[in-house]
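Here are the chains, one letter per residue:
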Amino acid sequence: MVAERSSRLEVRLVRRGFSDPEAAVGLLGEPWLHGLADDPVLLDALGATADPDLALLGLARLLEALDAAERHTLRDTLTSSKPLRDRLLSVLGASTALGDHLARHPRDWHALVTFELRDIHPGPADFRRELDRRVRAGEGAPADALRIAYRRCLLAIAARDLSGTTDLPQAAAELADLAGATLQTALDLAAEEDPEAAAQCRLAVIGMGKCGGRELNYVSDVDVIFVAEPREGVEEHRAVQAATRLAARMMRLCSDTTGEGSIWPVDANLRPEGRNGPLVRTLASHLAYYQRWAKTWEFQALLKARPVAGDAELGAAYAEATAPLVWQAAERDNFVADVQQMRRRVVDAIPVGEVDRQLKLGPGGLRDVEFAVQLLQLVHGRTDPRLRSPNTLQALAELSAAGYVGRADAASLDAAYRFLRAMEHRIQLHRLRRTHLVPTDPADLRRLARSLTAEINDDTRADPVAALQREWKRHAVEVRRLHEKLFYRPLLDAVAELPTGAIGLSTQAAKARLEALGYADPAAALRHLSALASGVSRKAAIQRTLLPVLLGWFADSADPDAGLLNFRQVSDALGRTPWYLRLLRDESAAAEQLARVLSAGRLAPDLLLRAPEAVAMLGDPQGLLPRGRAALEQEVLAAVGRAGSAAAGVAAARSVRRRELFRTAAADVLGRFGDEPGAAVDAAGEALTALNTATLQGALRACVAEWEAANGELPTRLAVIAMGRFGGREMGYGSDADVLFVHEPLLGVLEQDAAKAAQAVCNQLRTLLAAPSTEPPLLVDADLRPEGRQGPLVRTLGSYEAYYRRWSHVWESQALLRAEPVAGDAGLGERFRALIDPMRYPGTGVPDQDLLEIRRIKARIEAERLPRGADPTTHTKIGRGGLADVEWTVQLLQLQHGHRVPGLRTTRTRAALAAAVGAGLVPEEDAAVLDAAWVLASRVRGAVMLVRGRAGDSFPSEARELAGVARYLGYGSGHTGELVDDYRRTTRRARAVVEQLFYG
């Protein structure tokens, strides 16, 4: 019966993670553990520890060591208090050494429920009081009492750490605070042993390394520097001798091994001259050494200097005096090379057999993170006090917040550093030994992996060791990659060699040079350069070759900062694409074109960043030639045909449109549409109209296909009629697609059924083309239809004919001057054209009543539609001599004479104006004035969109944007005012012609 019960218990223990269930059953049979085998809560808690067997053994030893009353109290607390249970068992399951301490000092389990485990984290003063109280009350030698008190506090920190009630940075900070309190208590004991020495000197203990940075390990040398000053009336050399006796005794109290072991070694080798120099120096002696003899690494070490014990005033004076020296270190000759070489020497010194197991010194280890962060601090912290934290993670966060390290890189380094430090802590906690090597024993690896379950971003249940190995290697690879990227950044070398008087973000000289080139934000420019050129990769090497030339090209633009930022973003997006940098390196024309496109405004870069592979167009001699409508329609319709739904089809069409918008914008910026302004405006309008026509055609095809897939053949023919600038093939980058929808039911189909189907298709088309997406929208505006927004979206040809015959106004005839079939059923589109021709080119011309109405509407638009606050002399659309003035004048001529002058039967403004000149309707010089105004207004409008990335009818008010518009229009730097003056002069002349021709 007993054997069967033991067998069942063994099975339960195996399920809970015990490796030696037989031994565990034996322990559970001990009298001090009696009854605990029947407590599933306790067994579950044991099973949740890093090593359930070790936890059970430690618990057995602890209970055995307690007297009966204490044992009863602990057992009751274990079963009733989950926090205590989790803390105690997590410690016992992870640390043999702390289990041994509890076995020797069993009443110290109370440390898990006393001051160290309050919600408020203990600080140096709390630890100091606890240590002093325990040392004063302790039995035996003070050195032993100090060790016992230290382990008691360490037990509390470990319990909070292992049970997840504190995070790693807080645990490391508490370990450093405990170290400082321990040093202070040891110094107090030394002073009590040698009161004469204490009376002769003031002694401050400066924490260095991880102690100074408040990021200490569980077991680590505590690095210190001693600084002393004589008390009043005491000679300096006698004070230094006295301080040396106190410092040496303090070190022995912490480092020597007694019956209670040692606390940790106190290492003073970071002092001036190292172990060959005096243990204690005065402040003046320290400063003299640092100013004359110190090596680069000594200033790097001082970055973490922090007073931790002894005379607080003297410690503060030391920190204040040495801090400036730290931030001048980067000015030293070969500073960066020295730091890099020191790091390489550390790696080279690792024994070959330990390289792959080294958490601290190996490639991808903790020191890689620390060195990279410290180098960046020393270089940039000279002028940026935010970076001067001695704590690695805090410094990394500040480097990221300030832009010196990318956010993603900083997050990766932070996560890796936390994980590697957590591994280091767990390894050291097992036996409280100073080690940074990952164990090789399977049992040790299993315990380590189980102790890091919360930190491992993987499922550890099946094979915790394999999960640990994967996570460790993943972080190590990432650290090494980022270390190479940040630590060996050649630009830092150049920055570090510049004199103090030339420091800005990195140096004032660099800032001044960038400002002279026209960079408004040299600090941001330096960050971009640093990001682009950092590392030892081939990519970075090519960037360093390209950047000096690119900077000049950017500087030749109106907005160099935008050019550099956009180049960085494109490079970030395409950095791993092998052809990208090769193209820029080998094709100087492509690099220059990219620089000009990226610095010319927001529209082209925004389009490029949505699909950076379009950069390839710049390397193709034919890449920026606008494609014709037929080729575009063929590509769009093919893409739509491959799509499985209307949404996917329209998305494919919009993707093609975005790429072609970039092609057109880039060609426009680079002057590929010709030197003659009017021809360039025509070419850009033609290209934009063609790609919007192809997009509309594809979207219509996609929506009809989906309707037919669900309902059968569409019961009507559909045609899309372009209106406005769309119909005139004069579209701008921000133009809506003004359209009319016309349909014609198939034979035998009820008109209402046909109208319902047509309405559904057209509504879906408009919705999908305007839907939020990474692709720019195409807004389809049908407000020019009969009855405007109140009328039906789609009408039959007969309905249009009836409306125009009975209800049409003269302004609708004027609007139809630009009607042009662009999509859908071609035959229906031509029948619509035939329907409207008599209306827009009336044989009787324009009756006086209609002429009066047209002039009245135009005057009302000028009076009412101009935006509040807009300058009528610079508003390109309805301002004086702007687009509306010229277009309405030309359209009036078309209405009056189109029936007899064939050349006027065109939807294009400039073509109609030329025909009017040819017919003798407008003097050539007046037409030239109108044409110049229309072309200039169109160019300004297009430039505003190219520069700002959003449409606008007035000149930008922001100086940089206005300068960008001027640069696009051919005005050099500093000549923005000339552009505005020229525009006003040109449009003023045009308005005079309009007054004569339009208003009579």
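Notes on the structure in this doc start here. (Residues numbered from 1 in each chain as written. Predicted model: local features only at pLDDT ≥ 70, side-chain atom pairs only at ≥ 80, totals over all residues. Heavy atoms only, no water.)

Remarks on the environment of R388
Along the chain, R388 turns up in the loop between α18 (366–380) and α19 (392–401). In contact with R388, not counting residues within four places along its chain, are W327, Q377, G381, R382 and T383. At 2.8 Å, the side chain of R388 forms a polar contact with the backbone oxygen of G381. (Helix = DSSP H or I, 4+ residues; strand = E, 2+ residues; numbered from the N terminus. Contact = heavy atoms within 4.5 Å. Polar contact = N/O pair within 3.5 Å; in protein donor to acceptor, adjacent residues only side chain to side chain.)

Some remarks on the environment of V980
Mapped onto the secondary structure, V980 falls in helix α44 (residues 976–997). Taking relative accessible area as the criterion, V980 reaches 13% and is therefore assigned buried. Between the alpha carbons of V980 and T874 there is a distance of 7.7 Å; along the sequence they are 106 residues apart. (Buried < 20%, exposed > 50% of the residue type's maximum accessible area, 1.4 Å probe, protein only.)

Quick word on the packing of aromatic side chains
One pass over the full model with this rule turns up nine aromatic pairs. Aromatic pair Y803 and Y804: ring centres 5.7 Å apart, planes at 70°, arrangement edge-to-face. By the burial criterion, Y803 is buried, and Y804 matches it. Both rings, one in F955 and one in Y983, keep their centres 5.2 Å apart while their planes meet at 80°; by these two values the pair is edge-to-face. Of this pair, F955 sits in the loop between α42 (924–948) and α43 (959–968) while Y983 sits in helix α44, placing them 28 residues apart in sequence. There is no split in this pair, since F955 and Y983 are both buried. A cation sits over an aromatic face here: K473 above W472, 4.0 Å from the ring centre. (Phe/Tyr/Trp six-rings, centres within 6.5 Å; stacked < 30°, edge-to-face > 60°. Lys NZ or Arg CZ within 6 Å of the ring centre and 35° of its normal.)

Notes on the nonpolar core
With 92 residues, the main nonpolar core has L183 and F226 as its most contacted residues. Examining the composition of this core, we find that 11 residues originate from one element, helix α9 (residues 142–162), more than from any other. Those residues in contact with L183 that sit more than four places away from it in its chain are V205, V222, V224, M250, C254, W264, V266, V308 and A309. (Core = buried A, V, L, I, M, F, W, Y, C linked by side-chain atoms within 4.5 Å.)

Observations regarding the layout of surface pockets
When its volume is computed, the second largest pocket comes out at roughly 1000 Å³. Every element with two or more residues in the lining of the second largest pocket is listed here: α12 (209–212), α15 (296–302), α17 (335–348) and α18. Among the elements that make up the lining of the second largest pocket, the one with the highest residue count is α18 (four residues). Broken down by class, the residue content of the lining of the second largest pocket amounts to 10 nonpolar, 10 polar and 12 charged. (1 Å grid on protein atoms, 1.4 Å probe; cavity = no way out; pocket = protein on both sides within 12 Å on 5 of 7 lines; lining within 4 Å. Points joined across faces, edges and corners; volume = space filled by probe spheres on them. Nonpolar A, V, L, I, M, F, W, Y, C, P; charged D, E, K, R; others polar.)

Regarding unusual backbone geometry
The backbone phi angle of R729 is positive, close to 55°, even though this residue is not glycine. The residue E787 is not glycine, and still its phi comes out positive at about 70°. By the secondary structure assignment, E787 is in the loop between β8 (780–781) and β9 (794–796). The class of E787 is partly exposed, set by a relative accessible area of 45%.

Some remarks on the side chain of E812
Relative to the helices and strands, E812 resides in helix α37 (residues 810–815). Salt bridges are absent for the buried E812, whose nearest opposite-charge side chain, R795, sits at 8.0 Å. At a separation of 3.0 Å, a polar atom in the side chain of E812 contacts the side chain of Y803. Here the side chain of E812 touches H809 through a polar contact of 2.9 Å, landing on its backbone nitrogen. Apart from residues lying up to four places away in sequence, E812 is in contact with P786, E787, Y803 and W807. (Lys, Arg positive; Asp, Glu negative; His and termini not counted. Salt bridge = Lys/Arg side-chain N within 4 Å of Asp/Glu carboxyl O.)

Considerations on the packing of helix α32 (residues 646–669) against helix α33 (residues 677–711)
Remark: α32 packs on α33, axes separated minimally by 8 Å, with the N-to-C direction vectors making an angle of 175°. In terms of axis orientation, α32 runs roughly antiparallel to α33. Judged by residue contacts, A646, G649, V650, A653, R657, E660, L661, T664 and D668 of α32 engage A684, A687, L688, L691, N692, T695, A699, A702, C703 and E706 from α33. Class assignment for the residues of the contact of α32 with α33 results in 11 nonpolar, four polar and four charged. (Axes fitted to C-alpha atoms, helices over the stretch in contact; angles between N-to-C directions. Parallel < 35°, antiparallel > 145°, perpendicular 65-115°, else oblique.)

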